[in-house]
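The primary structure of each chain is shown beneath.
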Amino acid sequence: MSAIISFANQKGGVGKTTSAVNVAAALGKKGKNVLLIDMDPQGNATSGVGISKKNIKYSIYEVLLGQASAKDAIIPTKFKNLSVLPATIALAGAELDLNEMDDKGRGMVKAIEDIKNDYDYLIIDCPPTLGLLTINALSASDGVIIPMQCEFFSLEGLSQLILTIKRVRQSYNPTLEITGILLTMYNGRLVLTNQVIEELKKYYADKLFKTPITRSVKLSEAPSFGEPICYYDPYSKGSLEYNDIAKELMLRI
């Protein structure tokens, strides 16, 4: 059985795409067959695994609208056991197109029905919104990983996202679970960081991943080379931390 995991947070700049790409690559290195699905019109997950958007014939946009099959759109990467269902800027118009469909929240469920069992993990990188693209991703997912920074605005955003998850459960996907909360851009020397962690532990202690992701120059550099951190600098702190997250995810789901 495959596991479908969305990385979601409507707040931008929290390391969501970085986490999706690097967890997917780390799982692939561990022998798991992984499909990374880019649901963000910016297409950063696509370029983050070395795929040039100029060479894309079909993307998740065409798949969602039934103009191409997922098998036609999937591109193998040069990284072990890792393929990508890419995104292009065309996806920016998908919200309007999906809104006109009868079952507008379940397009993703239908899009991956034929291929989901070909993989051990399907990792979905959601856009930084709580619109129809994110709802489609959550409707098709078994679980959600929420990357978040250690700041109070992030706590407010977390409440909004959890409300959206509850609505998706009610309308589309009653079995959707929060797989975990992943702390990113971590700096343990800051008082604020520790205050936010304590607040999270009060309500979500069982959901927090044990390893936070530390701020890292190498993590920031890797996407510009089209490589996940476990290939760009396999012995860096970021690589080791994402390796730990992948191991913990395999235990959770």
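As the structure is a computational prediction, the values presented were derived from the model and not from experiment. (Residues numbered from 1 in each chain as written. Predicted model: local features only at pLDDT ≥ 70, side-chain atom pairs only at ≥ 80, totals over all residues. Heavy atoms only, no water.)

## Re the pattern of salt bridges
- If you walk through the whole model with that rule in mind, you get eight salt bridges.
- For Lys202, the salt bridge goes to Glu199, with nearest N and O atoms at 3.5 Å. In this pair, Lys202 and Glu199 both sit in helix 9 (residues 191-204), three residues apart, roughly one turn of the helix.
- Lys202 sits in the exposed class, given a relative accessible area of 58%.
- The residue Asp244 makes a salt bridge to Lys247 at a minimum N-O spacing of 3.8 Å. Residue Asp244 and its partner Lys247 are located together in helix 12 (residues 237-252), separated by three residues, close to a single helical turn. (Salt bridge = Lys/Arg side-chain N within 4 Å of Asp/Glu carboxyl O. Helix = DSSP H or I, 4+ residues; strand = E, 2+ residues; numbered from the N terminus. Buried < 20%, exposed > 50% of the residue type's maximum accessible area, 1.4 Å probe, protein only.)

## Observations regarding the packing of aromatic side chains
- In this structure the tally under the stated criterion is three aromatic pairs.
- Both rings, one in Phe79 and one in Tyr231, keep their centres 4.7 Å apart while their planes meet at 40°; by these two values the pair is tilted. Of this pair, Phe79 sits in the loop between strand 3 (75-76) and strand 4 (82-85) while Tyr231 sits in helix 11 (residues 229-232), placing them 152 residues apart in sequence.
- Of the residues examined, Phe79 reaches a relative accessible area of 5% and is grouped as buried.
- With a centroid separation of 5.1 Å and 25° between ring planes, the pair formed by Phe225 and Tyr232 is classed as stacked.
- When its relative accessible area of 53% is taken as the criterion, Phe225 is described as exposed. (Phe/Tyr/Trp six-rings, centres within 6.5 Å; stacked < 30°, edge-to-face > 60°.)

## Digging into the side chain of Asn22
- With respect to the helices and strands, the residue Asn22 is situated in helix 1 (residues 16-29).
- Sequence-distant contacts of Asn22, that is, excluding residues within four places in its chain, are made with Leu219, Pro228, Ile229 and Tyr242. (Contact = heavy atoms within 4.5 Å.)

## Topic: the sheet that holds strand 2 (residues 34-38)
- Across the sheet, seven strands lie side by side as 3-4-2-5-1-6-7; this open sheet has mixed pairing. Among the strands making up the open sheet, the edge pair consists of strand 3 and strand 7 (177-184).
- The pairing of strand 1 (residues 3-7) with strand 6 (residues 143-149) spans three bridges and is parallel. Across the sheet, the residue bridging to Ile5 is Gly143, located in strand 6.
- Sitting on the sheet, helix 1 is in contact with strand 1, strand 2, strand 4, strand 5 (121-125), strand 6 and strand 7, with an inclination near 165° to strand 5. (Pairing = 2+ DSSP bridges. Axes fitted to C-alpha atoms, helices over the stretch in contact; angles between N-to-C directions.)

## Points about the nonpolar core
- Core analysis: the biggest nonpolar cluster contains 50 residues, and Ile37, Met39, Ile60, Leu85 and Met108 have the highest contact counts within it.
- The biggest single contributor to this core is helix 8 (residues 152-171), with six residues.
- Setting aside residues up to four positions removed in sequence, Leu85 forms contacts with Leu35, Leu36, Ile37, Asp38, Ile60, Val63, Ala70, Ala73 and Ile74. (Core = buried A, V, L, I, M, F, W, Y, C linked by side-chain atoms within 4.5 Å.)

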